[in-house]
Amino acid sequence: MDTIFEKKLIEKIKPIYKMGRAGDWDHILRMVNLCKYLLEHENGDKDIVLPTAYLHDLGWSAIDFSDFNKASPNVKADSVSFTQHMEQGAVIAGKILTDLEYDSQKITQIQRIIKVHDLPEIVFKMNNISATLVVEADRLDRYGHTGLERFKTMFGADKLQGSYWEEARQLRRDGLKDWFRTQTAIQLSQKLAGEMGLFD
Ligand SMILES: [Fe+2]
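Read on for a plain summary of the structure. (Residues numbered from 1 in each chain as written. Predicted model: local features only at pLDDT ≥ 70, side-chain atom pairs only at ≥ 80, totals over all residues. Heavy atoms only, no water.)

Examining the packing of aromatic side chains
What describes a pair of aromatic rings is the distance from one ring centre to the other and the angle between the planes of the rings. The final tally for this structure, using the stated rule, is 11 aromatic pairs. Put simply, the rings of Trp60, Phe65, Phe68, Phe151, Phe155, Tyr164 and Trp165 pair up and form one aromatic cluster. In this structure, lysine 76 is placed above the aromatic ring of phenylalanine 68, and the distance from its NZ or CZ to the ring centre is 5.0 Å. Geometry around tryptophan 179 places arginine 142 over its ring, the cationic atom sitting 5.1 Å from the centre. (Phe/Tyr/Trp six-rings, centres within 6.5 Å; stacked < 30°, edge-to-face > 60°. Lys NZ or Arg CZ within 6 Å of the ring centre and 35° of its normal.)

Re the pattern of salt bridges
Between side chains of opposite charge, a pair can form when the charged atoms approach closely. For the structure shown, the criterion picks out 15 salt bridges. Residue aspartate 24 pairs with arginine 21 through a salt bridge whose shortest N-O separation is 3.1 Å. Of the residues examined, arginine 21 reaches a relative accessible area of 7% and is grouped as buried. For the salt bridge of arginine 173 with glutamate 166, the shortest nitrogen-to-oxygen distance reads 3.6 Å. Ionic contacts of the salt-bridge type, sharing partners, join the residues Arg21, Asp24 and Asp57 into one network. (Salt bridge = Lys/Arg side-chain N within 4 Å of Asp/Glu carboxyl O. Buried < 20%, exposed > 50% of the residue type's maximum accessible area, 1.4 Å probe, protein only.)

Some words on the packing of helix H1 (residues 3-17) against helix H5 (residues 80-99)
The contact between H1 and H5 brings their axes to 11 Å, and the two run at 140°. Relative to H5, H1 is oriented oblique. Between H1 and H5 lies a crossing of right-handed hand. Between H1 and H5, the contacting residues are Phe5, Leu9, Lys12, Ile13 and Ile16 on the first element and Ile96, Leu97 and Asp99 on the second. Among the residues making up the contact of H1 with H5, the classes are represented as six nonpolar, no polar and two charged. (Axes fitted to C-alpha atoms, helices over the stretch in contact; angles between N-to-C directions. Helix = DSSP H or I, 4+ residues; strand = E, 2+ residues; numbered from the N terminus. Parallel < 35°, antiparallel > 145°, perpendicular 65-115°, else oblique. Left-handed = near helix turned anticlockwise from the far one by under 90°. Contact = heavy atoms within 4.5 Å. Nonpolar A, V, L, I, M, F, W, Y, C, P; charged D, E, K, R; others polar.)

Quick notes on unusual backbone geometry
Of note in the backbone geometry, glutamate 101 takes a positive phi value of approximately 55° without being a glycine. Tracing the sequence through the fold places glutamate 101 in the loop between H5 and helix H6 (104-114). Positive phi values are uncommon outside glycine, yet asparagine 127 reaches one of about 50°. Counting through the fold element by element, asparagine 127 comes out in the loop between helix H7 (120-125) and helix H8 (129-140).

Quick look at the nonpolar core
Among the nonpolar cores identified, the biggest contains 62 residues, and Leu9, Ile13, Leu55, Ile96, Leu97, Leu140 and Tyr143 are the most heavily contacted of them. By residue number, the principal contributor to this core is helix H2 (residues 24-41), which donates eight residues. (Core = buried A, V, L, I, M, F, W, Y, C linked by side-chain atoms within 4.5 Å.)

Re the coordination of the iron ion
All of the protein donors around the iron ion are His27 (NE2), His56 (NE2), Asp57 (OD) and Asp138 (OD); their distances to the metal are 2.1 to 2.4 Å. When the donors of the iron ion are listed by position in the chain, the intervening gaps give H-x28-H-D-x80-D. One end of the pair, aspartate 57, is in the loop between helix H3 (46-55) and helix H4 (66-70); the other, aspartate 138, is in helix H8, and 81 residues separate them in sequence. On the accessibility criterion, aspartate 57 (3% relative accessible area) is buried. (Donors = N, O, S within 2.8 Å, 3.2 Å for Na, K, Ca; no water.)

Overview of the packing of helix H9 (residues 144-155) against helix H10 (residues 162-178)
Between H9 and H10, whose axes approach to 13 Å, the crossing angle comes to 135°. For the element pair H9 / H10, the angle class is oblique. When the axes of H9 and H10 are compared, the crossing they make is right-handed. Here Leu148, Phe151 and Phe155 of H9 come into contact with H10, specifically with Tyr164, Trp165, Ala168 and Arg172.

Considering the environment of alanine 193
Along the chain, alanine 193 turns up in helix H11 (residues 183-195). Overall, alanine 193 belongs to the buried group, its relative accessible area being 0%. Distance in space between the C-alpha atoms of alanine 193 and arginine 173 is 7.9 Å, their sequence separation being 20 residues. Among residues more than four places away in sequence, those in contact with alanine 193 are Tyr143, Leu176, Leu198 and Phe199.

As for the side chain of histidine 27
Tracing the backbone through its elements, the reader meets histidine 27 in helix H2. Assessed through its relative accessible area of 0%, histidine 27 is described here as buried. Here the side chain of histidine 27 touches aspartate 138 through a polar contact of 2.9 Å, side chain to side chain. Excluding residues that lie within four positions of it along the chain, histidine 27 makes contacts with His56, Asp57, Asp138, Asp141 and Arg150. (Polar contact = N/O pair within 3.5 Å; in protein donor to acceptor, adjacent residues only side chain to side chain.)

Laid out in structure tokens, this is it:
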């Protein structure tokens with residue numbers, strides 16, 4: 001993915017993200033940087049990983065996600081919109097990449113990852129390092145100081161306390177075992193988890 005293509009892609013998707021969930025555009029920018037960092041230390045095809053990172057959450061802009069926002073952390077993944085955002089995201093990504101005349105085989109691979117990007121156990125079974133890096137970078141953005149800020153932006157400052165926050169903290173502690181496979185991501189997840197006080 002060259003710089004000119006990256007610029008064109010950003011021009012197309014930034015306004016769409018602004019219609020989606022609160023804070024999603026900033027999440028995308030952080031996640032792309034996390035992918036670039038992982039790619040410096042791990043294998044993976046940057047022409048798959050980076051466009052997938054940019055495009056993966058576009059589905060939220062096309063659906064009603066009030067059920068996702070209302071659900072408590074442990075059951076968010078059971079909400080209808082959680083599945084819809086992956087399906088719709090793959091469709092929208094396909095249209096955008098086709099418009100930009102991206103390689104059609106790569107488009108298919110990117111769509112395949114977007115369709116399951118929030119199901120780490122399914123992605124890891126694909127045995128595809130590019131798909132693995134996408135999941136790791138996406139999940140890494142739930143940690144650290146920026147992970148806390150993102151949580152506040154998405155669900156409200158009042159959710160950073162009580163049982164809602166305790167559930168979310170436990171999910172992140174469990175996630176340290178379940179969401180990361182490469183050494184680079186495992187090390188960074190531990191560091192960011194400490195930074196956000198997950199072990200306090
Ligand atoms: Fe994401």
